[in-house]
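Next come the chains, spelled out residue by residue.
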4 protein chains.
Amino acid sequence: MKLGFIGLGIMGKPMAKNLVKAGHDLTVFDFKEDAVEELVADGATEAKTGKEVAEKSDVIFTMVPNSPNVEAALFNEGGVAEGLTAGKTVIDMSSINPLASQGFAKRLAKLNVGFLDAPVSGGEPKAIDGSIAIMVGGDKDLYEKNKDLLEIMGGSVTYVGAVGAGNTTKLANQVIVALNIAAVSEGFALAKKAGLDPKMVFDAIHTGLAGSTVMDAKVPMMIDRNFKPGFRVDLHIKDLQNALDTSHALHVGLPLTAEVMEILQVVKNDGNGGDDHSAIAKFYEKINDLTID
Amino acid sequence: MKLGFIGLGIMGKPMAKNLVKAGHDLTVFDFKEDAVEELVADGATEAKTGKEVAEKSDVIFTMVPNSPNVEAALFNEGGVAEGLTAGKTVIDMSSINPLASQGFAKRLAKLNVGFLDAPVSGGEPKAIDGSIAIMVGGDKDLYEKNKDLLEIMGGSVTYVGAVGAGNTTKLANQVIVALNIAAVSEGFALAKKAGLDPKMVFDAIHTGLAGSTVMDAKVPMMIDRNFKPGFRVDLHIKDLQNALDTSHALHVGLPLTAEVMEILQVVKNDGNGGDDHSAIAKFYEKINDLTID
Amino acid sequence: MKLGFIGLGIMGKPMAKNLVKAGHDLTVFDFKEDAVEELVADGATEAKTGKEVAEKSDVIFTMVPNSPNVEAALFNEGGVAEGLTAGKTVIDMSSINPLASQGFAKRLAKLNVGFLDAPVSGGEPKAIDGSIAIMVGGDKDLYEKNKDLLEIMGGSVTYVGAVGAGNTTKLANQVIVALNIAAVSEGFALAKKAGLDPKMVFDAIHTGLAGSTVMDAKVPMMIDRNFKPGFRVDLHIKDLQNALDTSHALHVGLPLTAEVMEILQVVKNDGNGGDDHSAIAKFYEKINDLTID
Amino acid sequence: MKLGFIGLGIMGKPMAKNLVKAGHDLTVFDFKEDAVEELVADGATEAKTGKEVAEKSDVIFTMVPNSPNVEAALFNEGGVAEGLTAGKTVIDMSSINPLASQGFAKRLAKLNVGFLDAPVSGGEPKAIDGSIAIMVGGDKDLYEKNKDLLEIMGGSVTYVGAVGAGNTTKLANQVIVALNIAAVSEGFALAKKAGLDPKMVFDAIHTGLAGSTVMDAKVPMMIDRNFKPGFRVDLHIKDLQNALDTSHALHVGLPLTAEVMEILQVVKNDGNGGDDHSAIAKFYEKINDLTID
Ligand SMILES: NC(=O)C1=CN([C@@H]2O[C@H](COP(=O)(O)OP(=O)(O)OC[C@H]3O[C@@H](n4cnc5c(N)ncnc54)[C@H](OP(=O)(O)O)[C@@H]3O)[C@@H](O)[C@H]2O)C=CC1
Ligand SMILES: NC(=O)C1=CN([C@@H]2O[C@H](COP(=O)(O)OP(=O)(O)OC[C@H]3O[C@@H](n4cnc5c(N)ncnc54)[C@H](OP(=O)(O)O)[C@@H]3O)[C@@H](O)[C@H]2O)C=CC1
Ligand SMILES: NC(=O)C1=CN([C@@H]2O[C@H](COP(=O)(O)OP(=O)(O)OC[C@H]3O[C@@H](n4cnc5c(N)ncnc54)[C@H](OP(=O)(O)O)[C@@H]3O)[C@@H](O)[C@H]2O)C=CC1
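The model shown is predicted, which means the values in this text are computed figures rather than measured ones. (Residues numbered from 1 in each chain as written. Chains lettered and ligands numbered in written order. Predicted model: local features only at pLDDT ≥ 70, side-chain atom pairs only at ≥ 80, totals over all residues. Heavy atoms only, no water.)

Draft legend 1. Just the overall build of chain A, in detail. Helix and strand counts for chain A stand at 14 helices and 9 strands. Against the 2.2 N^0.38 benchmark of 19 Å for 293 residues, chain A shows a C-alpha radius of gyration of 20 Å, consistent with a compact globule. Seen through its principal axes, chain A has C-alpha atoms that stretch 65 × 45 × 35 Å. Buried residues in chain A amount to 63% of all 293 residues. Looking at chain A alone, contacts between residues at least 24 apart form 65% of all its contacts between residues at least 6 apart. Accessible surface for chain A amounts to roughly 9,800 Å². Of this, 51% is attributable to carbon and sulfur atoms. (Helix = DSSP H or I, 4+ residues; strand = E, 2+ residues; numbered from the N terminus. Rg over C-alpha atoms; globule rule 2.2 N^0.38 Å. Buried < 20%, exposed > 50% of the residue type's maximum accessible area, 1.4 Å probe, protein only. Contact = heavy atoms within 4.5 Å. Areas by Shrake-Rupley, 256 points an atom, 1.4 Å probe, with all protein chains shown as cover.)

Draft legend 2. Spotlight on the interface of chain B and chain A. The partner chain A presents 59 residues to the 59 residues of chain B that form the contact. Considering only the side of chain B, the residues that lose the most area to chain A are Leu190(B), Leu209(B) and Leu256(B), jointly responsible for 15% of the buried surface there. Taken together, chain B and chain A are joined by 0 salt bridges. Scanning the region where chain B abuts chain A turns up 10 residue pairs in polar contact (both at pLDDT 80 or more). Looking at the side of chain B that touches chain A, the element that brings in the most residues is helix H8 (residues 165–193) of chain B, giving 21 residues. (Buried area = accessible area lost by both parts, 1.4 Å probe. Salt bridge = Lys/Arg side-chain N within 4 Å of Asp/Glu carboxyl O. Polar contact = N/O pair within 3.5 Å; in protein donor to acceptor, adjacent residues only side chain to side chain.)

Draft legend 3. Examining the pattern of salt bridges more closely. By the definition in use, this model includes 65 salt bridges over all chains. One salt bridge connects Arg225(B) with Glu285(B), and the closest N-O pair in it is separated by 2.7 Å. One end of the pair, Arg225(B), is in the loop between helix H10 (213–223) and helix H11 (233–250); the other, Glu285(B), is in helix H13 (residues 280–288), and 60 residues separate them in sequence. Exposure remark for Arg225(B): the relative accessible area of 31% places this residue in the partly exposed category. When its relative accessible area of 7% is taken as the criterion, Glu285(B) is described as buried. Asp203(C) serves as the salt-bridge partner of Lys199(C), at 3.1 Å between the closest nitrogen and oxygen.

Draft legend 4. The interface of chain C and chain D, seen in detail. At the interface, 59 residues of chain C touch 59 residues of chain D. Approximately 4,800 Å² of surface area, both sides summed, lies buried where chain C meets chain D, with 74% of it carried by carbon and sulfur atoms. Together, Leu190(C), Leu209(C) and Leu256(C) form the three largest contributors to the area buried by chain C at its contact with chain D, with a combined 15%. Our count for the chain C to chain D interface comes out at 0 salt bridges. For the pair chain C and chain D, the interface holds 10 residue pairs in polar contact (both at pLDDT 80 or more). When residues of the side of chain C that touches chain D are traced back to their parent elements, those giving at least two are strand E9 (154–161), helix H9 (165–193), helix H10 (198–205), helix H11 (213–223), helix H12 (233–250), helix H13 (255–272) and helix H14 (280–288) of chain C. A total of 21 residues in the side of chain C that touches chain D trace back to one element, the largest contributor, which is H9(C).

Draft legend 5. Molecular detail of the UniProt feature "domain: 6-phosphogluconate dehydrogenase NADP-binding" (unreviewed entry) in chain A. With numbering aligned to this structure, UniProt lists the feature "domain: 6-phosphogluconate dehydrogenase NADP-binding" (unreviewed entry) at residues 2–161 of chain A. Taken end to end, residues 2–161 of chain A is 44% helix and 25% strand, and its two terminal C-alpha atoms sit 26 Å from one another. (UniProt positions renumbered as here; feature names shortened; annotations may be inferred.)

Draft legend 6. Quick peek at the domain arrangement of chain A. Residue and element names in this part refer to chain A. The domains assigned to chain A are domain 1 (2–162) and domain 2 (168–288). Averaged C-alpha coordinates put domain 1 and domain 2 at centres separated by 29 Å. Contacts between the two partners involve 13 residues from domain 1, matched on the other side by 11 residues from domain 2. Carbon and sulfur atoms make up 55% of the area that domain 1 and domain 2 hide from each other, which totals about 950 Å². Of all residues in domain 1, Ser95, Pro98 and Met135 bury the most surface against domain 2, accounting for 38% of the area lost on that side. Linking domain 1 with domain 2 are 0 salt bridges, by the criterion used here. (Domains from an automatic or database assignment.)

Draft legend 7. Expanded view of the pairing of strand E2 (residues 25–29) of chain A. All names here are of chain A. E2 sits mainly inside the fold: 4 of its 5 residues count as buried. Two strands pair when backbone bridges link them, and strand E1 (residues 2–6) and E2 are joined in this way by 5 bridges, in the parallel orientation. Paired with Leu3 across the two strands is Leu26, which belongs to E2. Taking the sense of rotation as the criterion, the β-α-β connection linking E1, helix H1 (residues 12–21) and E2 turns out right-handed. Of the strand pairs in this sheet, E2 and strand E3 (residues 45–46) are connected by 2 bridges, and their pairing is parallel. Among the inter-strand pairings, Val28 is bridged to a residue of E3, identified as Glu46. As a crossover connection, the stretch from E2 through helix H2 (residues 33–42) into E3 is right-handed. (Pairing = 2+ DSSP bridges. Right-handed = clockwise from strand over helix to strand, strands pointing away.)

Draft legend 8. Examining the UniProt feature "domain: 3-hydroxyisobutyrate dehydrogenase-like NAD-binding" (unreviewed entry) in chain A more closely. With numbering aligned to this structure, UniProt lists the feature "domain: 3-hydroxyisobutyrate dehydrogenase-like NAD-binding" (unreviewed entry) at residues 164–284 of chain A. Secondary structure across residues 164–284 of chain A divides into 74% helix and 0% strand, with the first and last C-alpha atoms of the span separated by 34 Å.

Draft legend 9. Quick look at the relation of the copies chain C and chain D. Overlaying chain C with chain D gives an RMSD of 0.0 Å, the required rotation being 180° about an axis along which the chain moves by 0.0 Å. Considering both components of the superposition, the chain copies are consistent with a two-fold axis. Relative to the rotation axis, the closest C-alpha in chain C is found at Ser212(C), a distance of 1.9 Å. When the interface residues of chain C are mapped onto chain D, 100% of them are again interface residues, pointing to one common binding face. (Least-squares fit on C-alpha atoms with pLDDT ≥ 70 in both.)

Draft legend 10. Seen up close, the site of ligand 2. All names here are of chain C. Around ligand 2, 24 residues are found, and the nearest of them are Met11, Asp30, Lys32, Pro65 and Lys238. Take Ile10: an N or O atom from its main chain is 3.0 Å from an oxygen atom of ligand 2. Contact with the protein chains covers 86% of the free accessible surface of ligand 2, which is 900 Å². Across the shell around ligand 2, the residue classes break down as 12 nonpolar, 8 polar and 4 charged. Shared between two domains, the shell around ligand 2 holds at least three residues of each, these being domain 1 (2–163) and domain 2 (168–288). (Near = heavy atom within 4 Å. Nonpolar A, V, L, I, M, F, W, Y, C, P; charged D, E, K, R; others polar.)

Draft legend 11. Representation of the site of ligand 3 within the structure. All names here are of chain D. As a structural note, the neighbourhood of ligand 3 is formed by 24 residues, with Met11, Asp30, Lys32, Pro65 and Lys238 the closest of them. Ile10 has a polar backbone atom sitting 2.9 Å from an oxygen atom of ligand 3. Contact between ligand 3 and Lys32: an oxygen atom at 2.9 Å from a side-chain N or O atom of the residue. Protein chains bury 86% of the 890 Å² of accessible surface belonging to ligand 3 in isolation. Grouping the amino acids of the shell around ligand 3 by side-chain chemistry returns 12 nonpolar, 8 polar and 4 charged.

Draft legend 12. Representation of the environment of Glu46(B) in the model. Residue and element names in this part refer to chain B. Locating Glu46 in the fold gives a position in strand E3 (residues 45–46). You can call Glu46 partly exposed: its relative accessible area is 28%. Distance from Glu46 to Thr246, taken between C-alpha atoms, is 36 Å for residues 200 residues apart in sequence. Beyond its immediate sequence surroundings of up to four residues, Glu46 is in contact with Thr27, Val28, Glu33, Val36, Val40, Glu52 and Lys56. At a separation of 2.8 Å, a polar atom in the side chain of Glu46 contacts the side chain of Lys48.

Draft legend 13. How the structure looks around the relation of the copies chain B and chain A. Once turned by 180° and shifted 0.0 Å along the axis, chain B lies on chain A with an RMSD of 0.1 Å. Counting the interface residues of chain B, we find that 100% of their copies in chain A are interface residues as well, pointing to one common contact surface.

Draft legend 14. Structural detail: helix H6 (residues 98–109) of chain C. Residue and element names in this part refer to chain C. In this model, H6 (12 residues) spans 16 Å end to end at C-alpha, consistent with the 16 Å of a helix rising 1.5 Å per residue. Within the sequence span of H6, burial applies to Pro98, Ala100, Ser101, Phe104, Ala105 and Leu108. Looking straight down H6, one finds its buried side chains confined to an arc of 150°; they lie on one side. Of the surrounding elements, those touching the buried residues of H6 are helix H4 (67–75), strand E5 (89–92), strand E6 (114–117), H9 and H12. The opening residue of H6, the one whose side-chain oxygen lies 2.8 Å from the backbone nitrogen of Leu99, is Asn97. (Expected span 1.5 Å × (residues − 1). Arc of directions from axis to C-beta.)

Listed below in structure tokens is the structure:
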């Protein structure tokens, strides 16, 4: 089977490399010449447009920033759609608005092209070692047919429902992660203001009911004043915007998510959009005149 | 060394039993006759007042609901203070307001009586098998001297700073737990409203960055519609009230904690104060007309 | 001077009628035949497209629901832009995203067409009697030139700055109105739950520092269980979405606005999108199991 | 009828003076010698204790900061209760927790002493010119009997229900005022960040639906950078604490009130507790790096 990959960024590049490493015939396209050349050196074939990728591939993966980028990659002039023929499959692995996924699926269905939304969780290191988590929405049979391919890139691949379900799951994930970061920020801000040593508090509570992957991963970063990403504030703003756009379309009230979004705006406004999302703590540090260290 | 224990409730009873089982000479007091008799059957000695407990013991443990109960147990007529002499130690293991702990320590210091605040985390099952986490505030030497005793009751015992630090740590813990429950509630409410199966979403995300002890422990309860405590909404309201009283005394802003407190009021008002705190989800189910199952 | 008017809805129809009544030569267009015919009966001229309106008019007013509708009216095939020539003026009186206003102004400037954003405040009755408040953004000279026309439709016309300023002012207004409604809802929910008679509370406080146009206009509606609009929840959701889109573009944190937006989602989800925005009170009634009457 | 007055602070002093000016025989007590002497110069009689005030008076007014102060004034050694006899009346005009008012009423009822809670709204200038608003809770007949006295001190006197209703009404008032200040802060923060002139925005919207007594009184203060009280942040924190203590006792969820309380903590922590409560705007200025001027 011939594969195509569009979007060779922080995540896409290592994911594409893993496909090549697994012996697949891969055609790639990205605006960044460097990334394309790196893949070609690994054995991939360069394409000059998305259309060309589609023409040469049976399954085309996209891994770009947000809904408008996926739309552009698929449907702009010279885009994937122009190179598609009946029976091919598009798998979008970007984290985007699930309503957009559903729209793309419908447009591709008219060409008799299958579509899966398969966003991932886990950062660059997990993309490199092929251990990202992949949550997949779409036709169950189409999922089964492409599961092996996804398992090359991910440590766990989970089917979660109809088209859009992958991204909805990812949004739920991002809502929870953002709130869990805010949660530790509030708890540790309280402790710090009361004069405690955050390191001692961490030792006392991280194995109990308050424990979380976020606490283990992010509180030591806060204490060490290390806000190197990881996952950038800017990306989390994008994800919460998609979450809120989705929740507002469904009319589901998410008061704390909305609140954390405002906190992220403040963090961004203070020039920390490029920080790791653990910088949510900086909002609490700012308003309460303290540092969690 | 002779030990005393006051407050033989859900948590105190098994903790006291573990002290007896470890071979300690224990004098106990509680309003509840049943619990006292059970301890006596195990080998403890009954006292009729806190004063009597204090007279017969070198170290007196208290495990009662909240700050006013500790105050009553210690300083009311017939209370512990009346039976204390210089050199004895009081260890309060209740989860209370850290500022109250500091007040009690001061009043006891006048009697040359040492004081540790040593609240615990982990529910009844962990109290029974002696694996609760204990976070201790107070004089470091006094802590060292009593560490062995605490280790009989707890799986992990952590020193976190001066008097009050134990309870501040516990409050930070409770803030984080409450927010983590709200976090999964928002994430899963969004997913449910979008038509997904919460069980599938759980499978897809619980091992990733969104994972938490709360997610593993509480989301399956929500899905199974099992709100049997565990840790009651009423107790969590008490803890967040202590957290907010403390944060307001320190003038530290905790917007999401304040928000979850309002959510808990609604849960309580709907008659669910006796539910497990995972019933925070019921607020989201109520406002959004859905159930996370 | 020849005038054009596009969008003869609840607000646009009476505003257009006031222009005709003042003796102006008016060409109108709307999808709704009825409204067009009513204006023609009053003396206006019917156009079949926006293009035709623009060809026949020196100043073209638009009064449609939201940014995409303005975009469609101006720039779709057969739209206003096709009929514009240098020196004409477009005055958009819809309440839309100010960033969209700025975009439209730029596109029209390329045709040497002037643009003002001039959203209004005050509902249908004030549109009928010509007493709405109009806040205008754009070139100051252009504003001065068109002020007389605006004064036909509005009781107060205020210049507030460059293009987009009209809509930003309108959004600030809508933020404040939504929060003031939530404010009285919280105050009266507390009073009601405490057993007081909302009418007595209203009498006691509405003339003091807590007094507001919202309190005088909306609390009696709540007490009388009259949620007939006035201004619909759906429109207020649109406005807060524009406010949050704008604040997120500027990275300004507005936590309470974000919170009220979630409240409005719940009100909408409960089937009350067509209610007057005083139905924000219904959220409080729902969560607290009471009615403010 | 002989009157007594306890608490001659910012509000109490001018209120007491108005009673003397109206020709009443008034006995006064306060810790502050200055204030007492000023009243004596006006014709009042000095008492050395609350007990003495009660002995010499038929109706005793209290106007002290908060619930514990009222409790101390009434029930401490040498307090009012010791000088009371059956048939006398206590009217507490302090702004306190309504549940405390109900407790005081019960304790006084045992002495056959009547009790009204009659907190006031409007600051020092209105206390001086006798135009404050007074909201009264308690027995309706007792209210009728004392209405004339209250009207000497207040411009409007409104009966709002059983004991505690006066303070509940006052708390509802304070909830609304705090939220209305936050509302204008959010609206004007948005406008300022978008580059608008707050003065122009004020002119454009203050007469419309967004208008409020708060907008007229406080926005010009923000623009002029004048945070001289008026009503201090510290007092508003006290009032919202009473509101939240009351709402939590009733289990009524007030999410925005809880949120503004956290904002006030930040304002206080930044050293602005003595500012006028319009300093709520400073929170928004701090988080968004702007000033509303
Ligand atoms: N339950 C849990 O899962 C956890 C609880 N905690 C904390 O542990 C503490 C105890 O909780 P829990 O055991 O559940 O509470 P319970 O209410 O079950 O037990 C408290 C016991 O103390 C007794 N008591 C109260 N006041 C006095 C007094 N003055 N003198 C003597 N006895 C008194 C009570 O008697 P009576 O009922 O007759 O008044 C009751 O038997 C709380 O602070 C709680 O927050 C911490 C971790 C987990
Ligand atoms: N209603 C109120 O109380 C107030 C409203 N406003 C604002 O005023 C604006 C208008 O509101 P309102 O009058 O209530 O809205 P309505 O929906 O009643 O009217 C809008 C009208 O515009 C027409 N329209 C939409 N798109 C086009 C187009 N491309 N070309 C021609 N006609 C078009 C609609 O036709 P069709 O329905 O067939 O699509 C409809 O007749 C909104 O931005 C609103 O927020 C401001 C203050 C108060
Ligand atoms: N200031 C304002 O604008 C408004 C205030 N209010 C409310 O009115 C009440 C009074 O406020 P305000 O006048 O500003 O407060 P102040 O602090 O200025 O005055 C209170 C006075 O009471 C005295 N006092 C306190 N306890 C006792 C006692 N046990 N016996 C005798 N005297 C006592 C205090 O003396 P000392 O200072 O020596 O302790 C002080 O002189 C408060 O509840 C406030 O919330 C209501 C509307 C507006």
